[in-house]
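# Observations on the model geometry
If you want the building blocks of each chain, they are given just below.
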Amino acid sequence: QLQLVESGGGLVQAGGSVRLSCAASGRLFTNYLMAWFRQVGKERDFVAAISWSGRDTYYADSVKGRFTVSRDNTKNTVSLQISSLNSEDTAVYYCAARAGDSVRDLASRPTYDYWGQGTQVTVSS
């Protein structure tokens, strides 16, 4: 089992920035491609992913330029920096992990093996 715990959410001002973190434990972190999703209502959508080495990153078109995903394999953490926040960024943010380094179907939720419990980000205007 790989346990994932997100942190860093909260109430943030529109136009500001927030950094979300996800701490992993239980298995070898570098075996996993890591991703971030966000959920509004019943829709949980892909936003970003990062390869095991951290060299390759992938973003949903809707967030390119404002979201930055990174990982620190020495600390078993993956982070998501969000800038220029707007009301559409209000959501519960989840980190997810899947074994290997394939970049196929990054947005496909069933392809991920582990999920965190989520952290709420609320953007106030």
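Predicted model, so just to flag it, every value in this text is computed and none were measured.

What counts as what
- Residues numbered from 1 in each chain as written.
- Predicted model: local features only at pLDDT ≥ 70, side-chain atom pairs only at ≥ 80, totals over all residues.
- Heavy atoms only, no water.
- Helix = DSSP H or I, 4+ residues; strand = E, 2+ residues; numbered from the N terminus.
- Rg over C-alpha atoms; globule rule 2.2 N^0.38 Å.
- Buried < 20%, exposed > 50% of the residue type's maximum accessible area, 1.4 Å probe, protein only.
- Areas by Shrake-Rupley, 256 points an atom, 1.4 Å probe, with all protein chains shown as cover.
- Lys, Arg positive; Asp, Glu negative; His and termini not counted.
- Charge placed at Lys NZ, Arg CZ, Asp CG, Glu CD.
- Salt bridge = Lys/Arg side-chain N within 4 Å of Asp/Glu carboxyl O.
- Phe/Tyr/Trp six-rings, centres within 6.5 Å; stacked < 30°, edge-to-face > 60°.
- Pairing = 2+ DSSP bridges.
- Axes fitted to C-alpha atoms, helices over the stretch in contact; angles between N-to-C directions.

### Let's talk about the overall build of the chain
When helices and strands are tallied, the chain shows 0 helices and 11 strands. Along the chain direction, N to C, the helices and strands of the chain fall in the order β-β-β-β-β-β-β-β-β-β-β. Relative to the globule expectation of 14 Å for 125 residues, the C-alpha radius of gyration of the chain, 13 Å, shows essentially globular dimensions. Taking the principal axes of its C-alpha atoms as reference, the chain extends roughly 40 × 25 × 25 Å. Out of the 125 residues belonging to the chain, those deemed buried represent 41%. Roughly 6,400 Å² of accessible area belongs to the chain as shown, and the carbon and sulfur atoms make up 46% of that amount. In the chain, 13 positive and 11 negative side-chain charges are present, and the distance between their average locations comes to 3 Å.

### Digging into the pattern of salt bridges
Scanning the model with the defined rule gives 3 salt bridges in all. For lysine 64, the salt bridge is made with aspartate 61, and the minimal N-O distance between the two is 3.1 Å. Exposure remark for aspartate 61: the relative accessible area of 65% places this residue in the exposed category. Several salt bridges converge on common partners, so that one network encompasses Arg38, Arg66 and Asp89.

### Points about the packing of aromatic side chains
If you walk through the whole model with that rule in mind, you get 5 aromatic pairs. Seen from their ring centres, tyrosine 32 and tyrosine 114 are 6.0 Å apart, and the 75° between their planes marks the pair as edge-to-face. Here tyrosine 32 is found in strand S4 (residues 32-40), whereas its partner tyrosine 114 is found in strand S10 (residues 114-115), with 82 residues between them in sequence. Taken individually, tyrosine 32 and tyrosine 114 each receive the classification buried, so the pair is uniform in this respect. Geometrically, the ring pair formed by phenylalanine 37 and tyrosine 112 is edge-to-face, given 5.2 Å between the ring centres and 85° between the ring planes. Highlighted residues: phenylalanine 37 in strand S4 and tyrosine 112 in the loop between strand S9 (91-99) and S10, separated in sequence by 75 residues. Residue classification places tyrosine 112 among the buried residues on the basis of a relative accessible area of 6%.

### A few points about the sheet that holds strand S1 (residues 3-7)
Pairing in this open sheet of 4 strands is antiparallel, and the strands run S1-S3-S8-S7 from one edge to the other. The two strands at the open ends of the sheet, each matched to only one other strand, are S1 and strand S7 (67-72). Ignoring which end each strand starts from, the neighbouring axes of this sheet average 15° apart. Across 6 bridges, S7 lies against strand S8 (residues 77-82) in antiparallel orientation. Across the sheet, the residue bridging to aspartate 72 is threonine 77, located in S8.

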